[in-house]
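Structural overview
Here's the letter readout for the chains.
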Amino acid sequence: MGRQKTLWIDEDCWAKLEQMEGNSISGKVRNAIMAHELDREAQVAALKRQIAALDGIIEQLKKNKQRRTMQ
């Protein structure tokens, strides 16, 4: 069950909503929110991969530093 709300949308956004697939404005807004959530999840996954790669680089640097100090 949803809620009835008044939502003011500027003309540019309204024009974009009219061009989107869907039978109703609420359906179009719902689809836009779902697409945004998927984009956000992809961004988080990409950041996690970058962090993992950087962790690997840091570990390699630590190993290289240890080797140099042992020589």
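Residues numbered from 1 in each chain as written. Predicted model: local features only at pLDDT ≥ 70, side-chain atom pairs only at ≥ 80, totals over all residues. Heavy atoms only, no water.

**Some thoughts on the overall build of the chain**
Selection criterion: Helix numbers and strand numbers start at the N terminus; a helix is a DSSP run of H or I with at least 4 residues, a strand a run of E with at least 2. Both definitions apply: the radius of gyration is a C-alpha atom measure, and the globule rule equals 2.2 Å times residues to the power 0.38. In short, Shrake-Rupley with a 1.4 Å probe defines the accessible areas, and a residue's cover is counted only from the protein chains shown. His is not counted, nor are the chain ends; Lys and Arg add positive charge and Asp and Glu add negative charge. For charged residues, the charge sits on one atom: NZ in Lys, CZ in Arg, CG in Asp, CD in Glu.
Counting its regular elements, the chain contains two helices and zero strands. Over its C-alpha trace the chain gives a radius of gyration of 24 Å, far above what one expects of a compact globule, namely 11 Å for 71 residues. The principal-axis extents of the C-alpha atoms in the chain amount to approximately 70 × 30 × 20 Å. By element, 55% of the accessible surface of the chain is carried by carbon and sulfur atoms, the whole surface being about 7100 Å². Taking the average location of the 13 positive side-chain charges in the chain and that of its 10 negative ones, the two points are 15 Å from each other.

**Observations regarding the layout of surface pockets**
Counted only if it meets this: Both site types are read off a 1 Å grid over the protein atoms alone. A 1.4 Å probe that fits but cannot get out defines a cavity, while an open set with protein on both sides within 12 Å along at least five of seven lines defines a pocket; lining residues have an atom within 4 Å of a point. Grid points are joined across faces, edges and corners, and a volume is the space filled by probe spheres set on the points. Charged means Asp, Glu, Lys or Arg here, nonpolar means Ala, Val, Leu, Ile, Met, Phe, Trp, Tyr, Cys or Pro, and polar covers whatever is left, Gly included.
The volume enclosed by the largest pocket comes to roughly 280 Å³. What lines the largest pocket is simply Arg-3, Gln-4, Lys-5, Leu-7, Ile-9, Trp-14, Ile-25, Ser-26, Val-29, Arg-30 and Ile-33. Take the lining of the largest pocket: its biggest share by element is five residues, from helix 2 (residues 25-70). Residues that form the lining of the largest pocket fall into these classes: six nonpolar, two polar and three charged.

**What to know about a negative patch on the surface**
Rule in force here: Exposure above 30% relative accessible area and the absence of a salt bridge qualify a residue for a patch, where like charges join within 9 Å and nonpolar side chains (Val, Leu, Ile, Met, Phe, Trp, Tyr) within 5 Å. A pairing counts as a salt bridge when a side-chain nitrogen of Lys or Arg comes within 4 Å of a carboxyl oxygen of Asp or Glu.
A surface patch of negative charge is lined by Asp-10, Glu-11, Asp-12 and Glu-18. Here Glu-18 lies in helix 1 (residues 11-19).

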